[in-house]
Amino acid sequence: MLFANFLKPLASISFIRQNYSMAWRCSGASNEQLVENLCRSGLITDPRAKEAFLKVDRAHYAPQSPYQDSPQYIGHDATISAPHMHAMAIENVIDHLVPSDTSPAPRVLDIGSGSGYLSHLLAELVGERGLVVGLEHIPALRQMGEDNVRKSTEGMKLLDSGKLKFRLGDGRLGHREPARRGEEAYGTDWDVIHVGACARELHQPLLDQLKAPGCMFIPVDDDASGAMQSVWRVSKDKDGVVTKKNICGVRYVRLTDPPI
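Computed from a predicted structure; not experimentally measured.

Conventions and cut-offs
Throughout, residues of each chain are indexed from 1 in the direction in which the sequence is written. With pLDDT at 70 or above as the cut-off, local features in this predicted model cover only qualifying residues; side-chain atom pairs require 80 or more to be listed or tallied, and sums for whole chains, interfaces and linings still use all residues. Excluded from the side-chain calculation are hydrogens and water; included are all heavy atoms of the structure. In this analysis an axis means a line fitted to C-alpha atoms, helices contributing only their contacting stretch, and an angle means the value between N-to-C directions, from 0 to 180 degrees. Elements are defined by DSSP. Helices are runs of H or I of four residues or more, strands are runs of E of two residues or more, and each kind is numbered from the N terminus. Here the angle decides the label: under 35 degrees means roughly parallel, over 145 means roughly antiparallel, 65 to 115 means roughly perpendicular, and every other value means oblique. In this scheme the crossing of two helices becomes right-handed for a clockwise turn of the near helix relative to the far one and left-handed for an anticlockwise turn of less than a right angle. By definition, residues are in contact when any of their heavy atoms lie within 4.5 Å. Under the grouping applied here, Gly and all other residues not named as nonpolar or charged are polar, the nonpolar ones being Ala, Val, Leu, Ile, Met, Phe, Trp, Tyr, Cys and Pro and the charged ones Asp, Glu, Lys and Arg. Only protein chains enter the calculation, and the probe is 1.4 Å; a residue is then buried if its accessible area is under 20% of its type maximum, exposed if over 50%, and partly exposed in between. The arc in question is formed by the directions pointing from the helix axis toward the C-beta atoms. Two rings belonging to Phe, Tyr or Trp (six-membered ring only in the last case) form a pair when the distance between their centres is within 6.5 Å. Interplanar angles under 30 degrees mark stacking, angles over 60 mark edge-to-face geometry, and anything in between is tilted.

Okay, the packing of helix H2 (residues 47–55) against helix H3 (residues 83–97) next. Angle between the axes and distance between the axes are the two parameters that describe a pair of packed helices. At a closest axis distance of 10 Å, the pairing of H2 and H3 adopts a crossing angle of 140°. Put simply, H2 runs oblique to H3. In this structure, the crossing between H2 and H3 has a hand that is right-handed. In this structure, H2 uses Arg48, Ala49 and Phe53 to contact H3, whose residues at the interface are Pro83, His86, Ala87, Ile90, Glu91, Ile94 and Asp95. The residue inventory of the contact of H2 with H3, partitioned by class, reads six nonpolar, one polar and three charged.

Three or more residues of H2 are buried, namely Ala49, Ala52 and Phe53. Considered in projection along H2, the buried side chains sweep an arc of 100° and stay on one side of the axis.

Taken as a whole, this structure holds two aromatic pairs when the rule is applied. Ring geometry for Phe53 against Tyr117: centres 6.5 Å apart, planes inclined by 70°, an arrangement best described as edge-to-face. With Phe53 in helix H2 and Tyr117 in helix H4 (residues 117–123), this residue pair connects regions lying 64 residues apart in the sequence. Assigned by exposure class, Phe53 and Tyr117 land together as buried. Between Tyr61 and Tyr117, the aromatic rings sit 5.5 Å apart at their centres with planes inclined by 55°, giving tilted as the arrangement.

With that out of the way, let us pick up the packing of helix H1 (residues 31–40) against H2. Taken N-terminus to C-terminus, the directions of H1 and H2 make an angle of 160°; their axes are 9 Å apart at the nearest point. By the criterion of interaxial angle, the relationship of H1 to H2 is roughly antiparallel. The hand of the H1/H2 crossing is right-handed. Between H1, through Asn31, Glu32, Val35, Glu36 and Cys39, and H2, the contact on the second element is made entirely by Lys50, Phe53 and Leu54. Residue composition of the contact of H1 with H2, grouped by class: four nonpolar, one polar and three charged.

The next subject is H1. Listed as buried for H1 are Asn31, Leu34, Val35, Asn37 and Leu38. Taken end-on, H1 shows its buried residues confined to a sector of 160°, consistent with a single buried face. Next to the buried residues of H1 lie H2 and H3. Immediately beyond the C-terminal end of H1, within one or two residues, lies Gly42, with a positive phi of roughly 80°.

Next up, the structure:
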């Protein structure tokens, strides 16, 4: 099965392992309190991730109760994930997300960008030369993400600089975005790929577009029935060798066919 409807996850509803057992307890009365609770629960441990979460006010993206640690419906059969799920994603890819000697201009693909919240968070971490592309197959969601980002001065700067872009396309095939001016030498593959819905398998087009080294965060069915799901951290080393790590069990929205 190929990728289909890139809906945002309902988040981990039934069972969470490891330190993610603290999820759902991180709600706050403000963005700052929400972030502090995520840190206190061990869901955000990297100072760079904390700084990004503090910069991006979830109230610009969630239609109601923005500082509650739960998913919310945003229309078009899509949701904005619970904050702990976004924290989990960033913590697991951050080493490939921030600029380094091997990748001074990180490129990130956010498949199923929905509200635009995670895309904005990612763009706060890739540095001045980095690029984040939020990919949606529903035009209204693509526009929603961009409109939400423009609610803040920081978001407008990211969009106007070209460091953050929202595109319409079929995420099952990944996406080819031209390099930013001056960064052509780094190619068009992705240092990080985030997928926001559960797939039946790890799909080859996305693996092919993942840099070596690179990292992918993707929920995948554990069995043919789809009753069990896990989030996987998929890493590709500098020689192209792929390794997979099961992070935790989750319950994500199922993938469905895109609208015709």
